[in-house]
Amino acid sequence: MSEAAAWQELHFTARKSDVEPLEDWLFEHGALSVTLEDEADQPLLEPGPGETPLWDLVRVTALFEGALDLKPLLAAVPGDWILDRPTAAVPLADREWTREWESQFHPMQMGARLWICPSWTPPPDPDAINILLDPGLAFGTGTHPTTAMCLRALDAGVGSGMRVVDYGCGSGILGIAGARLGAASVLGVDNDPQAILASHANAAANGVTPAQFSAVLPDAALIATWAGSADWVVANILAGPLVALKPVLTGLLMPGGRLTLAGLLEKQAREVIEAYAPEVVLAVVDQREEWVLLSGHAA
Ligand SMILES: C[S@@+](CC[C@H](N)C(=O)[O-])C[C@H]1O[C@@H](n2cnc3c(N)ncnc32)[C@H](O)[C@@H]1O
């Protein structure tokens, strides 16, 4: 008799409304993990804090130990929750999952001085400014084109002693880069409490002190103390929030201060540029795929 596979998976298609009870049921019946994927290539826009949006049709994959007999379980999955019932489990060979996941993230050079490195690989250039950052719950590992464009702009422009704001800080990657590139003081802002936690943890892991970089929610009293005093405000969010945040972002800038905006598509650039004129005359200064980077100075 052949040896049992190390792991096995069951795949189902479910409607959005049935995913939660199905997921709970699978965990109660021995699933080690349940993964949700889009069954119909339906894009989801950036969720609000605490929201976990789902596609209308979801592909649900449940992972089980290989030695379990899943036939009775397969027959018992409540039919109301699934649109298809697989006839058998899919066996999976044992693999070094952690290593496979890690192999997707590599050190990335972001301009002349800066590298973003996962913590599990030695920095290729030990003399560079190396930011150690692992993928986590908050957005911002450097792999997204919008983050990469902001990092390259910071690398080229942050001078020592500057006051920098990272609005929509996510993992804190831009603010931490600003601090490591020489900024004296960096303010991170995010409306997701998870991002505030991640930013502080990542800052500490990179030797950036709370005196150099502090991340807060948008209603924090600290923000008012920064009014009219930032040399540079960087915000990588989305076109809609960037337009809505105009009074907040321009209010943080000192006269002549620089504003850099990312998270918008080429076709949205005109709308954002018009929203900020005449206080800040923005122009496209970089482009990656369909994403553009806007930058300009306050009057
Ligand atoms: C695309 S991520 C950017 C993260 C990181 N700065 C980077 O460049 O990779 C956008 C971040 O902005 C935050 N955000 C979205 N709308 C916001 C708002 N109105 N105020 C503050 N933060 C916001 C999100 O929670 C998210 O962490």
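Above: the structure in question.
I will try to describe carefully the structure that is included in this document.

The rules behind the values
All residue numbers refer to position in the chain's written sequence, counted from 1. Reporting in this predicted model follows two pLDDT cut-offs: at least 70 for local features of residues, and 80 or more for side-chain atom pairs to be given and counted; totals over whole chains, interfaces and linings ignore these cut-offs and use all residues. Values shown for side chains rest on all heavy atoms present in the structure; no hydrogens or waters enter the calculation. Any Lys or Arg side-chain nitrogen found within 4 Å of a carboxyl oxygen on Asp or Glu counts as a salt bridge. Under the DSSP-based scheme used, a helix requires at least four consecutive residues in state H or I and a strand at least two consecutive residues in state E, with every element numbered from the N terminus. Only protein chains enter the accessibility calculation, which uses a 1.4 Å probe; a residue whose area is less than 20% of its type maximum is buried, one above 50% is exposed, and one in between is partly exposed. Strands were regarded as paired on the criterion that DSSP finds at least two bridges between them. It suffices for a single heavy atom of a residue to lie within 4 Å of a molecule or strand for the residue to be listed as near it. Side-chain atoms alone can form a polar contact between residues adjacent in sequence; in general such a contact is a pair of N or O atoms within 3.5 Å, and within protein one must be able to donate a hydrogen while the other accepts it. Shrake-Rupley sampling with a 1.4 Å probe provides the accessible areas, and residues are treated as covered by the protein chains on show and by no other component. Note on contacts: a residue pair qualifies if any of its non-hydrogen atoms lie within 4.5 Å across the two residues. Working definition: rings of Phe, Tyr and Trp (its six-membered ring) pair if their centres are within 6.5 Å, and the pair is stacked with planes under 30 degrees apart, edge-to-face with planes over 60 apart, and tilted otherwise. The criterion is that NZ of a Lys, or CZ of an Arg, lies within 6 Å of the ring centre and within 35 degrees of the ring normal, and then a charge sits over that ring.

1. Notes on the pattern of salt bridges
Stage number 1. Summed over all chains, the structure comprises four salt bridges.
Stage number 2. Linking Lys 16 and Asp 56 is a salt bridge whose minimum nitrogen-to-oxygen distance equals 3.5 Å. Of this pair, Lys 16 sits in the loop between strand S1 (7-15) and helix H1 (19-28) while Asp 56 sits in the loop between strand S2 (33-38) and strand S3 (57-65), and the two are 40 residues apart along the sequence.
Stage number 3. Ionic pairing is found between Arg 270 and Glu 274, a salt bridge with its closest N-O pair at 3.8 Å. Taken as a pair, Arg 270 and Glu 274 lie in helix H9 (residues 269-276) at a separation of four residues, close to a single helical turn.
Stage number 4. When its relative accessible area of 62% is taken as the criterion, Arg 270 is described as exposed.

2. Description of the pairing of strand S11 (residues 230-236)
Stage number 1. The buried count for S11 comes to six of seven residues, which makes it a mostly enclosed element.
Stage number 2. Relative to strand S12 (residues 253-265), S11 runs parallel, the two being bridged by six bridges. Each residue of the ladder has a partner; that of Asn 236, found in S12, is Ala 262.

3. Comments concerning the site of the ligand
Stage number 1. Neighbouring the ligand are 17 residues, the closest being Gly 140, Thr 147, Gly 168, Asp 190 and Asn 236.
Stage number 2. Between the ligand and the protein, one listed contact pairs an oxygen atom with a side-chain N or O atom of Asp 190 at 2.6 Å.
Stage number 3. Bound to the protein, the ligand loses 89% of the 600 Å² it would expose on its own.
Stage number 4. Going through the elements one at a time, strand S8 (163-167) and helix H5 (173-180) are the ones with two or more residues in the shell around the ligand.

4. Regarding the environment of Thr 141
Stage number 1. Mapped onto the elements, Thr 141 comes out in the loop between strand S7 (129-132) and helix H4 (145-157).
Stage number 2. Along the backbone, Thr 141 and Gly 170 are 29 residues apart, and their C-alpha atoms lie at a distance of 9.5 Å.
Stage number 3. Excluding residues within four positions of it along the chain, Thr 141 makes contact with Met 108, Ile 116, Leu 133, Pro 135 and Ile 173.
Stage number 4. For Thr 141, the side chain forms a polar contact with the side chain of Thr 143, separated by 2.8 Å.

5. Quick notes on the packing of aromatic side chains
Stage number 1. Enumeration over the complete set of coordinates arrives at zero aromatic pairs.
Stage number 2. Stacked on the ring of Trp 226, the Lys or Arg Arg 163 has its end atom at 4.0 Å from the ring centre.
Stage number 3. The side chain of Arg 258 reaches across the aromatic face of Trp 232, ending 3.9 Å from its centre.

6. Thoughts on unusual backbone geometry
Stage number 1. Ala 277 connects to Pro 278 through a cis peptide bond whose omega is 0 degrees.
Stage number 2. Checked against the element boundaries, Pro 278 lands in the loop between H9 and strand S13 (283-288).
Stage number 3. One non-glycine residue, Glu 289, adopts positive backbone phi at about 50 degrees.
Stage number 4. With respect to the helices, strands and loops of the structure, Glu 289 is situated in the loop between S13 and strand S14 (291-297).

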